[in-house]
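The residues making up each chain are set out below.
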Amino acid sequence: MTAAADTSRVGLVVVSHSEMLANGVAELAAQMAPDVSVLPVGGTDEGGLGTDYASVVEALADADSGAGVVVLYDLGSAKMTAEMAVESADDPSRYVVVDAPLVEGAVAAAVAAQGAASLADVAAAAEGASGEAPVAAPSRPALHLVPDAVSAEVLLTNEVGLHARPAALLARTVAELDADVVVRYGNEEANAASVLALMGLSAPGGKSITVVATGKDAGEAVRRIEELAERGFDD
């Protein structure tokens, strides 16, 4: 599964011992980032379980549209294969093999790349993906007492709520703005810039979330999220 490449965006390569696993992870990540090249490399030339050095080398070149490539892997030997492929490249500095959870890391990296983040920032997003779970909302003053906060109750009008693609749309929307945005559902809250944290809220369609934003673009952030919800997140 590939997405249309863009010269301003970092590419991704998913290396797995299983062709089916590599394809599935790449498909999921590409759903989050329609303008990012996401290439799967899985299995051996004979169709068995394992990794193929030549295929990884080819994928690295194909995924690099100008901003470099982040490589994710499933097991230790896949890491070795990826690192060998990077070392053989004309400019190894254009490629980063990251220690990250495969699925969560690929999703986080794809969203960061879609937002035109740098190679280092996309790699950091992947590596930090394991800590993306929502947290219990701490005790806070009433919203109207938080200085400069803009808040709204937002009804999730789409059928499935904040599942993968709507969460990615919401995260990309706030990433473009100068605002800190928190989404609350029930007794939990999530950083709106984190796809995985938003998905972890398990907020279903037909329910309302609370959006609280601070910063220069706080009002615009809330307005855009309300607009996304009114459109049903384009589902």
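Note that the structure is a prediction, hence the values are computed from the model and not measured.

### Side note on the environment of Leu102
With respect to the element layout, Leu102 can be found in helix H4 (residues 102–114). Judged by its relative accessible area of 12%, Leu102 falls in the buried class. Taking the C-alpha atoms as reference, Leu102 lies 8.0 Å from Val14; in sequence the two are 88 residues apart. For Leu102, the contacting residues outside a window of four places in its chain are Val14, Leu21, Val25, Leu72, Tyr73 and Asp74.

### A closer look at a nonpolar patch on the surface
Residues Tyr53, Val57 and Met84 make up a contiguous nonpolar surface patch of roughly 250 Å² in combined accessible area. By the element assignment, Tyr53 lies in helix H2 (residues 53–63).

### Let's talk about the nonpolar core
Within the largest apolar cluster, 63 residues are counted, with the highest numbers of intra-cluster contacts made by Val70, Val122, Leu162, Leu170, Val181 and Leu198. Among the elements that make up this core, the one with the highest residue count is H4 (nine residues). Residue assignment places this core across two domains, with domain 1 (3–128) and domain 2 (143–234) each supplying three or more. Residues Val71, Tyr73, Ala78 and Ala82 belong to the second largest nonpolar core, which totals 16 residues.

### Here's the deal with helix H5 (residues 119–127)
Those residues of H5 that fall on the buried side of the exposure criterion are Leu119, Val122, Ala123 and Ala126. The arc that holds the buried residues of H5, viewed along the axis, is 100°, so those residues lie on one side. Buried residues along H5 sit against strand S1 (11–16), strand S3 (69–73), strand S4 (95–97) and H4.

### Some words on the confidence of the model for the protein
Atomic detail in the predicted coordinates should be set aside for any region of low pLDDT. When pLDDT is averaged along the protein, the result is 87, and 89% of the positions lie at 70 or above. Across residues 1–6, confidence stays below pLDDT 50; counting only partners more than four residues off in sequence or on other chains, it has 24 contacts. Every residue in residues 138–145 is under pLDDT 50, and counting partners more than four places away or in other chains gives nine contacts.

How each quantity is defined
- Residues numbered from 1 in each chain as written.
- Predicted model: local features only at pLDDT ≥ 70, side-chain atom pairs only at ≥ 80, totals over all residues.
- Heavy atoms only, no water.
- Helix = DSSP H or I, 4+ residues; strand = E, 2+ residues; numbered from the N terminus.
- Buried < 20%, exposed > 50% of the residue type's maximum accessible area, 1.4 Å probe, protein only.
- Contact = heavy atoms within 4.5 Å.
- Patch = residues over 30% accessible without salt bridge, like charges linked within 9 Å, V, L, I, M, F, W, Y side chains within 5 Å.
- Areas by Shrake-Rupley, 256 points an atom, 1.4 Å probe, with all protein chains shown as cover.
- Salt bridge = Lys/Arg side-chain N within 4 Å of Asp/Glu carboxyl O.
- Core = buried A, V, L, I, M, F, W, Y, C linked by side-chain atoms within 4.5 Å.
- Domains from an automatic or database assignment.
- Arc of directions from axis to C-beta.
- pLDDT = per-residue confidence, 0-100.

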